[in-house]
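Notes for the structure review
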Amino acid sequence: MARHFVPDCCPALAEMLQDERNHCAIFRATMPPRNSRPCRIMRLWSSGGWLLGFLTACLGRNGIWACTAAVEAAVHRHLDDQLHFLAARDPELYRVILSIRAEELAHLRHAEDCLREKRASLRLLRGLISVLTDMLIWLSTWGDSTRMARALKAADTGSI
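My aim in this report is to walk through the structure given alongside it, one point at a time. (Residues numbered from 1 in each chain as written. Predicted model: local features only at pLDDT ≥ 70, side-chain atom pairs only at ≥ 80, totals over all residues. Heavy atoms only, no water.)

**Examining the side chain of E104**
Looking at where E104 falls in the secondary structure, it is placed in helix α5 (residues 91-114). For the buried residue E104, which engages in no salt bridge, the nearest side chain bearing the opposite charge is R101, 10 Å off. The contact partners of E104, leaving out residues within four places of it in the chain, are E20, H23, E72, V75 and L79. (Helix = DSSP H or I, 4+ residues; strand = E, 2+ residues; numbered from the N terminus. Buried < 20%, exposed > 50% of the residue type's maximum accessible area, 1.4 Å probe, protein only. Lys, Arg positive; Asp, Glu negative; His and termini not counted. Salt bridge = Lys/Arg side-chain N within 4 Å of Asp/Glu carboxyl O. Contact = heavy atoms within 4.5 Å.)

**With respect to unusual backbone geometry**
Despite not being glycine, N35 shows a phi value in the positive range, around 50°. Take N35: it is sitting in the loop between α2 (10-30) and α3 (42-58). Overall, N35 belongs to the exposed group, its relative accessible area being 74%.

**Let's talk about the environment of D113**
Structurally, D113 can be placed in helix α5. In sequence terms D113 and T146 are 33 residues apart; their C-alpha atoms lie 34 Å from each other.

Here you go:
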């Protein structure tokens, strides 16, 4: 849709997509030594991402950038949680996620800079997409997220 209706967005979107593919490859490379595996619902993420991109591209330039900003903000929050958890536990993975977070933050800032309008409908769309993305992240990692939250709480109270 973006190619047809807002082709000027496509170079930035293509660059972000390549970054996401690189992030996926980097994460997959870190999994075997940690006895980890890819997300259980990766196909759902891919299909949902395509559908969300299609629908928001139908809304035009602001729809694209509102969607991108919402997803990137949710991902950024998730990466911050992971960094907090990993700081003293896995320095190598911490550095990997820190470098990925820097690119995700650049994506977020670019999307926010490209949002030309600040209408209430775009804020609502962005909020809805952000909440849905947070929920999907939680569903994708529910066991890991729950264990991480418990470990962080125990560390904060000193009861490890």
